Amino acid sequence: MLVSWNTTNMCNLACAHCYRDAGQRAEDELTTTEGMALIDEIAAAGFKIMIFSGGEPLMRPDICELIAHAAGRGLRPVLGSNGTMLTKEVARRLVEAGAQAIGISLDSVDPTAHDRFRAEQGSWQAAVDGMKSCRAVGLSFQLHTTVMDWNYDEVEKLTDLAIELGCIAHHVFFLVPTGRGADIEHTSLRAVQYERLLRRLLKKQESVGLEVKPTCAPQFIRIADQLGVKTRFQRGCLAGIAYCLINPVGDLQACAYLDTPVGNVRETPFGKLWREAELFRDLRSRQYKGNCGTCDYRDTCGGCRARAKFYHGDHMAEEPWCLYRRGKIEHAAR
């Protein structure tokens, strides 16, 4: 099981798709002491991987202290970052604290396009330099790409760049319209593009040595099965089942994009919320509605619950961008 903690809402960029609408520090963010207590509860609840994210987690002064505490409790600490603050010294401190890996965002092979999307000139080069810093000190890193209509055709080129830079994986995130991402919903891929890109990614996986993983596109489980592609992943959507997220002020959510809090860790222990929250029980029941409820892959795909909530107003509704449920899979994906 894995958990994300948005350690802060502070960020040095203003990315167009940010689910947190990050920028300024949120009022009353969890303190160092509260963060350490939360880490203790997460470890006690049986989680194995802890993702420190933001905002930009490297803007939090105590980030190495928190990472060290997580490592000391037997968790595997990893980070999600825009990479622009990753000097060699910062990367070295992360390694010394016990960080095991870091995901760094890069959305185009074209620096100008990436910088425009991230609203900061020079952010592409800074992220690449950050990866080089990680490589220099032995901190494993992977490339994170958010895919939309404008970078749809260059995803495999980004995989090739990830290999060139020394990444251990390329995780491709399919846009979910939450936070500022709702403002660019019109750039989201639709069903046919989803199907075609997922097939492209799974075929790419067979020809490269690093992991290529679609994220927030649980249909990849079904497509891997249909193509006969082996994958270590057994479940598409993990929200509320084997994954959850704590926001900067302690609200617990099923995932980053399903922004319906089930409670606050300051008021109710994390473990109790994880075990007993009604929303999590809904998700674990897998009693989906519409075509997701009758799908052959209901128990392994699960559809994107956040996308169902955005488009249908119901987290248990059917996945809106899936061809299989419409019976068009045989011809539309060609």
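Heads up: these notes are all about the structure in this document. Treat the numbers as computed from the prediction; the structure is a model and nothing was measured.

Things to note about helix H3 (residues 88–97)
Now for step 1: All of the buried residues in H3 are Val-90, Ala-91, Leu-94 and Ala-97. Down the axis of H3, the buried set is contained in an arc of 120°. They therefore lie on one face.
Now for step 2: Buried residues along H3 sit against helix H2 (63–72), strand E3 (76–81), strand E4 (101–105) and helix H5 (123–137).
Now for step 3: Immediately downstream of H3, the backbone of Gly-98 shows phi near 115°, a positive value.

Focus: unusual backbone geometry
Glycine aside, residues mostly have negative phi angles, and peptide bonds mostly take the trans form.
Now for step 1: Residues Gly-54 and Gly-55 are joined by a peptide bond in cis, for which omega reads 15°.
Now for step 2: In this structure, Gly-55 sits in the loop between strand E2 (49–53) and H2.
Now for step 3: Within the chain, Cys-216 stands out as a residue other than glycine whose phi angle is a positive 60°.
Now for step 4: Within the element layout of this structure, Cys-216 appears in the loop between strand E7 (211–215) and helix H8 (220–227).
Now for step 5: Non-glycine residue Arg-286 carries a positive phi angle of around 60°.
Now for step 6: Inspection of the secondary structure assignment puts Arg-286 in the loop between helix H10 (278–285) and helix H11 (290–294).

Looking at the pattern of salt bridges
Now for step 1: What the rule picks out here adds up to 19 salt bridges.
Now for step 2: With its nearest N and O atoms 3.7 Å apart, the salt bridge here joins Glu-29 to Arg-25.
Now for step 3: Between Glu-276 and Lys-272 there is a salt bridge, and its shortest N-O distance comes to 2.8 Å. Of the two residues, Glu-276 and Lys-272 both sit in helix H9 (residues 270–276), four residues apart, roughly one turn of that helix.
Now for step 4: By relative accessible area, Glu-276 is classed as partly exposed at 36%.
Now for step 5: Look at Lys-272 and you get partly exposed, because its relative accessible area is 36%.

Here's the deal with the sheet that holds strand E1 (residues 2–6)
Now for step 1: On the basis of which strands lie adjacent, the open sheet formed by ten strands has the order E7-E6-E5-E4-E3-E2-E1-E8-E9-E10 and mixed pairing. The sheet is open, and its two borders are formed by E7 and strand E10 (263–264), each paired with just one other strand.
Now for step 2: In this structure, E3 lies alongside E4, joined through four bridges in parallel fashion. Residue pairing for E4: Ser-81 is matched across the bridge by Ile-104.
Now for step 3: Helix-sheet contacts for H2 involve E1, E2 and E3, and the interaxial angle to E3 is about 145°.

Examining the side chain of Ser-108
Now for step 1: Residue placement: Ser-108 occurs in the loop between E4 and helix H4 (111–118).
Now for step 2: Taking relative accessible area as the criterion, Ser-108 reaches 0% and is therefore assigned buried.
Now for step 3: At 2.9 Å, the side chain of Ser-108 and the backbone nitrogen of Asp-110 are in polar contact.

Observations regarding the packing of aromatic side chains
Now for step 1: Tallied over the entire structure, the rule returns eleven aromatic pairs.
Now for step 2: When the ring of Phe-47 is compared with that of Trp-274, the centres are 4.9 Å apart and the planes differ by 65°; the resulting orientation is edge-to-face. In this pair, Phe-47 sits in the loop between helix H1 (32–44) and E2 while Trp-274 sits in helix H9, placing the two residues 227 residues apart along the sequence.
Now for step 3: Judged by its relative accessible area of 3%, Phe-47 is buried.
Now for step 4: With relative accessibility at 7%, the residue Trp-274 sits in the buried group.
Now for step 5: Plain terms: the ring middles of Tyr-311 and Trp-321 are 5.3 Å apart, the flat faces sit at 75° to each other, and that makes the pair edge-to-face. In this pair, Tyr-311 sits in helix H12 (residues 305–312) while Trp-321 sits in the loop between H12 and helix H13 (329–332), placing the two residues ten residues apart along the sequence.
Now for step 6: The class of Trp-321 is buried, set by a relative accessible area of 14%.

Parameters at a glance
- Residues numbered from 1 in each chain as written.
- Predicted model: local features only at pLDDT ≥ 70, side-chain atom pairs only at ≥ 80, totals over all residues.
- Heavy atoms only, no water.
- Buried < 20%, exposed > 50% of the residue type's maximum accessible area, 1.4 Å probe, protein only.
- Helix = DSSP H or I, 4+ residues; strand = E, 2+ residues; numbered from the N terminus.
- Arc of directions from axis to C-beta.
- Contact = heavy atoms within 4.5 Å.
- Salt bridge = Lys/Arg side-chain N within 4 Å of Asp/Glu carboxyl O.
- Pairing = 2+ DSSP bridges.
- Axes fitted to C-alpha atoms, helices over the stretch in contact; angles between N-to-C directions.
- Polar contact = N/O pair within 3.5 Å; in protein donor to acceptor, adjacent residues only side chain to side chain.
- Phe/Tyr/Trp six-rings, centres within 6.5 Å; stacked < 30°, edge-to-face > 60°.

By themselves, these figures tell us nothing about what the structure is for.
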